[in-house]
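Remarks on the overall topology
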Amino acid sequence: MAVTIEDLYRNYGVLADAKDNLSQHKDAYQVILAGVKGGPKEKRLAAQFIPKFFNSFPELADAAINAQLDLCEDEDVSIRRQAIKELPRFATGENIFRVADILTQLLQTDDTAEFNQVNVALISIFKMDAKGTLGGLFSQILQGEDIVRERAIKFLSTKLKTLPEDIMTKEVEEYVFAETKKVLEDVTGEEFVLLMRVASGLRVLQTVNGRQQLVELVVEQADLDQALNPADPDAVDRLLQCTRQALPLFSLFTCESGDGSLQQISCSEQKNVHSTRFVTYFCEHVLPNLSTLTSPVAELDIQLEVLKLMAEMSPYCGDMEKLEANLTILFTKLLEFMPLPPEEVENGENSASEEPKLQFSYVECLLFSFHQLGKKLPDFLLDKVDGERLKDFKIRLQYFARGLQVYIRQLRVALQGKTGDALKTEENKIKVVALKITNNINILIKDLFHNPPSFKSTVTLSWKPVQKTEAVAAKRLSSEEMGSGAATKKQITPLPRRDARQIYNPPSGKYSSSIGNFNYEQRGGFRGGRGRGFGARGNRSRGRIY
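Quick notes on the rules
Residues numbered from 1 in each chain as written. Predicted model: local features only at pLDDT ≥ 70, side-chain atom pairs only at ≥ 80, totals over all residues. Heavy atoms only, no water. UniProt positions renumbered as here; feature names shortened; annotations may be inferred. Axes fitted to C-alpha atoms, helices over the stretch in contact; angles between N-to-C directions. Helix = DSSP H or I, 4+ residues; strand = E, 2+ residues; numbered from the N terminus. Parallel < 35°, antiparallel > 145°, perpendicular 65-115°, else oblique. Contact = heavy atoms within 4.5 Å. Nonpolar A, V, L, I, M, F, W, Y, C, P; charged D, E, K, R; others polar. Phe/Tyr/Trp six-rings, centres within 6.5 Å; stacked < 30°, edge-to-face > 60°. Buried < 20%, exposed > 50% of the residue type's maximum accessible area, 1.4 Å probe, protein only. Salt bridge = Lys/Arg side-chain N within 4 Å of Asp/Glu carboxyl O. pLDDT = per-residue confidence, 0-100. Expected span 1.5 Å × (residues − 1). Core = buried A, V, L, I, M, F, W, Y, C linked by side-chain atoms within 4.5 Å.

In the annotation of an unreviewed UniProt entry, the entry for the chain reads Apoptosis inhibitor 5, and the organism field reads Oryzias latipes. Looking at the Sequence similarities (unreviewed entry) heading of the UniProt record, one finds this comment for the chain: "Belongs to the API5 family." Within the UniProt record for the chain, the comment given under Subcellular location (unreviewed entry) is "Nucleus".

Comments concerning the packing of helix 3 (residues 40-52) against helix 5 (residues 77-86)
As a packed pair, helix 3 and helix 5 sit with axes 9 Å apart at the nearest point and diverge in direction by 5 degrees. By the criterion of interaxial angle, the relationship of helix 3 to helix 5 is roughly parallel. For the pair helix 3 and helix 5, the contacting residues are P40, K43, R44, A47, Q48 and P51 in the first and S78, I79, Q82, A83 and E86 in the second. Its residues placed into classes, the contact of helix 3 with helix 5 shows five nonpolar, three polar and three charged.

Here we look at the packing of aromatic side chains
On inspection of all chains with the given rule, the structure shows 16 aromatic pairs. Judged by centre distance (5.9 Å) and plane angle (70 degrees), the ring pair of F370 and F380 falls under edge-to-face. With F370 in helix 17 (residues 360-374) and F380 in helix 18 (residues 380-384), this residue pair connects regions lying 10 residues apart in the sequence. Overall, F370 belongs to the buried group, its relative accessible area being 1%. Pairwise contacts between aromatic rings join Y9, Y12, F49 and F53 into one cluster.

So, the pattern of salt bridges
Taken as a whole, this structure holds 24 salt bridges when the rule is applied. One salt bridge in this structure joins E324 and K384, with 3.9 Å as the shortest N-O distance. Separated by 60 residues along the polypeptide, E324 in helix 16 (residues 323-336) and K384 in helix 18 bring together distant segments of the chain. When its relative accessible area of 37% is taken as the criterion, E324 is described as partly exposed. Residue classification places K384 among the partly exposed positions, given a relative accessible area of 38%. A single salt-bridge network, built from bridges that share partners, covers E150, K154 and E190.

Digging into the confidence of the model for the chain
In low-pLDDT regions, the fine details of the predicted coordinates are not to be read closely. Per-residue pLDDT for the chain averages 83, and the proportion of residues at 70 or more is 79%. Summarising per-element confidence for the chain, the mean pLDDT is lowest in helix 22 (residues 485-490) (38) and highest in helix 14 (residues 276-286) (97). Segment residues 254-270: pLDDT under 50, and 24 contacts once partners within four positions in sequence are set aside and those in other chains are kept. Here residues 536-546 is a poorly scored stretch, pLDDT under 50, and it has 38 contacts once near neighbours within four places are set aside; other chains count.

Considering helix 12 (residues 208-222)
Over its 15 residues, helix 12 runs 21 Å from end to end, which matches the ideal 21 Å to within 8%, given 1.5 Å per residue. Packing partners of the buried residues in helix 12 comprise helix 10 (170-183), helix 11 (189-200), helix 13 (233-246) and helix 14. Trailing helix 12 by a residue or two, D223 shows a phi angle of about 55 degrees, which is positive.

Some words on the side chain of Q372
Position of Q372 among the secondary structure elements: in helix 17. For Q372, a relative accessible area of 12% gives the class buried. Apart from residues lying up to four places away in sequence, Q372 is in contact with S314 and P315.

A closer look at the nonpolar core
Soluble globular proteins: nonpolar side chains tend toward being buried together. In this structure, Y29, I50, L103, F393 and I445 are the most contacted members of the largest nonpolar core, which totals 160 residues. When residues of this core are assigned to their parent elements, the largest contribution, 11 residues, is made by helix 19 (residues 387-415). In this structure I445 touches M338, L367, L397, F400, A401 and L404, once residues within four positions along its chain are discounted.

Here's the deal with the environment of V279
Positionally, V279 belongs in helix 14. Distance in space between the C-alpha atoms of V279 and E312 is 9.9 Å, their sequence separation being 33 residues. Leave out the neighbours within four places in its chain, and V279 touches M310, M313, S314, C317, M320 and L373.

Points about unusual backbone geometry
P452 follows N451 through a cis peptide bond whose omega is 0 degrees. By secondary structure assignment, the location of P452 is in the loop between helix 20 (426-449) and helix 21 (479-482). Of note, D223 is a non-glycine position whose phi angle comes to about 55 degrees, a positive value. Tracing the sequence through the fold places D223 in the loop between helix 12 and helix 13.

Structural data, given as C-alpha cells:
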C-alpha cells in the first residue's frame, strides 16, 4: 500500500515527539523512507524528512542514503533540487566521502539551477570535512565519466581559491597537490591548464621550493627530454601550453645592492626558480625549426608566439651548460631577421629591388633574448664571433637602426598631442604598441653598438603590462615614446652619416595582427595521444556507482 501525505506527517509527528527515544520508532522512520515511492508531494516531503532523522537510525543509514539518491534522480527537477539541497545533512563521519562522490557525479546535470544547487552542497560539505570532500571529488576525476571528470576539475579550479585558510589547511593543500599529480599522469591540454591553476593557487606552494616543484611538473608534461617534431601541431601545442604555465613560476629575487638600492638580480642561484631548461630547449630544438613549426591554430602567428615566449623566459635563465653554443644559435636566428641594406647602383641610389621588410615584432623578441643571455657571456660578440661576421652584424644593425629612426619619427608625429579617448582607437592602439616595440629595439641596438657591447639597459617588452613605477605616465605617452627635446638629441646614427645609404621611403615593418597581451589558449584539448600525460583520454563511461 502506497504511503500517503497523511502517513508521512503522522510518522514525522511520532519521531518529532519521541525526543530521546527515537531509536524505538524504527518503523516510523521506515514509513518515511517508503515515501520516495509515492507521488510528487510525498517525494518532496520525504526529501525533507529523511535527512532530519538520519543520524538517529545508524542501522538504516544505507537505506536512507539510497532513498535520498532515488530522489536525486527523479524526473521532476524540483524534487531533485530539494533532495540535493538536503544531501549535506548525510555527510557525517565515514559518509562524507560517499556524499562527496555522489554530489560530484551530480555535476553532470544540464539544469542550471540544479547545477548551482550541487555546487552549493559541495561547498557546504567542504566546510565540514575538506579532505573527505576532496576524496570524493578526486575519486570521480580519476575514475568517473568524462563529463563528470571535466566538471569536477573545473569546480576545483574555480572554488578552491575561494575557501578560507581554516578550511584549506596545510594538510588539505598537500593532499590536493598529491592527488593533482596523480591526475596529471593522464590529461588533455585543457585539463592540464585547469589543474595547474589549482596547484599554482595553493598557499603551501607559494615558496621557492613549491614553485620549483610546479616547474618540475610542467617540465615532465612538456617532454623536454624529447626532440621537437615541428610538423606535429600537437607537439607544438603542448610546448606552448607548458611554457605558458611555467612562465609565472620563474623568479629572480630582489636583493639589496652595494649602494643600498633594491635590484632584481640573481642573488643566490639556489634561491631562484630558473627557466634554464626551457630556454635551453627553445635554443636547441625550437629556434632551428622556427620556420617549419606547424601552428595548432590557423590564425596564430606561431613564429611570433614562440619568440615572445623565449623573450619572456630569458631574464630568468640561470647557468646554462652550453651557453656559447646556444647564444650562437640565437645570434644566427637574429641575423635572419635583420636584413642587409639593398645594393646600390653606380649613381649611389638604391637599386630597383624591393626594400627589405623590417620585422620589428620578431626582432624585438630576438634582440631582447640575445641581450639577456649575452649578459652571461659579455665577450661573445668580441671573442666568439669572427671579424667578418661581426662586421656583417654591425652593418645589419646600422641599417635596421636607420630604418627604425624613420619609423619612430613617423609614429611620434602621428601620435603627437593625442590623449585619452583618441589613443583608444584601434589604429592608435596599434601605433602606441608599435612605438613601444621600436623604442625597445632602439635601446637594445644602442647597447650592442657600445665598444665593448653593453648589456646594462633594461626595457619592458611591448606586450607586457605597465609596471607600477610607470603608472603615473599611463594616461599619457612617456617622453621616451613621444620624444622630448632631450630624448631627440640623444638619438644617434650608429655609424658615420657619410656611410649611410639613402632611404627614400620608410621600411614596411611587420607586426602581429594580435597586438597586445599574449592570450593564446588551447582550444578543445590536445588531439594527439601518448602513453602518459596529454593523452586522448578514453571514455570511462559507467552507470550509477553510488
